[in-house]
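# A look at the structure
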Amino acid sequence: MKTSLDGLERKRIYLFRHGDVSYFGSGKVTDDPNMVDLTKLGQKQAKMIDANTKDIKFERVLCSGLPRTMQTGFHIAKRRNLDMEAYPELKEFQWDPKLGREFDIKKLGFLFESESSEEEIGGLEGSKEFYMRVSNSIESIIKEEWSQIAIVLHGAVNAAILCWANDLEIKFASKFEQDHASMNIIDIDINEDRSIKRKILRRLNIPPDLTNIDAPFSTSWENTAAQIMDLRKSE
């Protein structure tokens, strides 16, 4: 067991975003964003994650259960002879691209900044409701028996977890860009009564391709919103 300087148990989460996906095909937005698969690039990124972490001990590999998280975590789980564990309450923010048609889709690029973002981006749940299910789930996982785990999730979910780790409201989620297949490391110090003493962000948004650590100027959410805008212009 790893401990902090003041003698508390220290747990470590390696938090990944799934690899590259596309919500667009045949000239339209997908009907069900939950069911998209990794692209060829995303599959390559999943293998990069495995290569980058081959010497790290993961006791468990968790995911949301949606296909793109299972496909991203497959290699790191297989290397360690582990079964992937699905936590459906950590699925991505639920939205329907068709429902945001009457509003300014640019707001999708800055998720949760607006209090009315649920209606504006076609959300099927409120931002606070989403934040509650994510933070409750991660706190429940922390109470389980483990020391060091990998969790493969989603852009908005990871941003919510990073807000939680920094004691911020969900409206600040767009501060935490999550590139596809990026890695974050969060340490959690645990009191004797199993409550959380402190949360420490050790690494943030490390790309899978370590030979190219520069960042694009547009965020992944901005790119998604821009693609939807382009499709609407062609309709």
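Residues numbered from 1 in each chain as written. Predicted model: local features only at pLDDT ≥ 70, side-chain atom pairs only at ≥ 80, totals over all residues. Heavy atoms only, no water.

### Thoughts on the overall build of the protein
Put simply, the rule is: What counts as a helix is a DSSP run of H or I of at least four residues, what counts as a strand is a run of E of at least two, and both are numbered from the N terminus. The globule rule is 2.2 Å times the number of residues to the power 0.38, and the radius of gyration it is compared with is taken over C-alpha atoms. A 1.4 Å probe rolled over the protein chains alone gives each residue an accessible area, and that area as a share of the maximum for its type sets the label: buried under 20%, exposed over 50%, partly exposed in between.
Counting secondary structure elements, the protein contains six helices and eight strands. Listing each helix as α and each strand as β along the protein from the N terminus yields β-β-β-α-β-α-β-α-α-β-α-β-β-α. Over its C-alpha trace the protein gives a radius of gyration of 18 Å, about what one expects of a compact globule, namely 18 Å for 235 residues. Within the protein, the proportion of its 235 residues that are buried is 50%.

### Notes on the nonpolar core
Cut-off, in case you're wondering: Only buried residues count toward a nonpolar core, which is a set of Ala, Val, Leu, Ile, Met, Phe, Trp, Tyr and Cys residues joined through side-chain atoms within 4.5 Å.
Counting 48 residues, the largest nonpolar core has Ile 13, Leu 108, Phe 112, Phe 130, Ile 151, Ile 161 and Trp 164 as its most contacted members. Of all the secondary-structure elements, those providing two or more residues to this core are strand S1 (9-17), helix H4 (127-142), strand S6 (148-153), helix H5 (155-165), strand S7 (183-190) and helix H6 (220-234). Looking at this core element by element, the count peaks at nine residues for H5. Core analysis: the next-biggest nonpolar cluster, separate from the first, contains 13 residues, Ile 49, Phe 58, Ala 77 and Met 183 among them.

### Considering the side chain of Gln 45
This is how the line gets drawn: Contact criterion: two residues are considered in contact whenever any of their non-hydrogen atoms come within 4.5 Å of each other.
Its location among the elements puts Gln 45 in helix H1 (residues 40-52). The class of Gln 45 is buried, set by a relative accessible area of 10%. Not counting residues up to four positions away in its chain, the partners in contact with Gln 45 are Gly 19, Asp 20, His 180, Ala 181 and Pro 208.

### Description of the sheet that holds strand S8 (residues 196-206)
The cut-off we apply is this: For two strands to be treated as a pair, DSSP must find at least two bridges joining them. Axis lines are fitted through C-alpha atoms, for helices just across the contact stretch, and the angle between N-to-C directions can take any value from 0 to 180 degrees.
Taken together, six strands build an open sheet; the order of strands is S5-S4-S6-S1-S7-S8 and the sheet is mixed. Looking at strand neighbours, the two that pair on one side only are strand S5 (84-86) and S8, the edges of this open sheet. Neighbour-to-neighbour, the strand axes of the sheet open up by a mean angle of 25°, direction not taken into account. Alignment of S1 against S7, held across eight bridges, turns out to be antiparallel. Note that in S7 the partner of Leu 15 across the bridge is Asn 184. Packed on one face of the sheet, helix H2 (residues 67-79) meets S1, strand S4 (60-63), S5 and S6 and runs near 150° to S6.

### Section: the packing of aromatic side chains
Threshold: Side-chain rings of Phe, Tyr and Trp (the six-membered ring for Trp) are treated as a pair once their centres are within 6.5 Å; stacked means planes under 30 degrees apart, edge-to-face means over 60, and tilted covers the remaining angles.
Counted according to the given criterion, the structure contains six aromatic pairs. A ring pair is formed by Phe 16 and Phe 58, whose centres lie 6.5 Å apart and whose planes are at 85°; its orientation type is edge-to-face. Taken together, the residues Phe 16 in strand S1 and Phe 58 in the loop between H1 and S4 connect sequence positions 42 residues apart. The buried category is assigned to Phe 16, whose relative accessible area is 1%. Taking relative accessible area as the criterion, Phe 58 reaches 4% and is therefore assigned buried.

As far as function goes, none of this settles anything; it's purely spatial.
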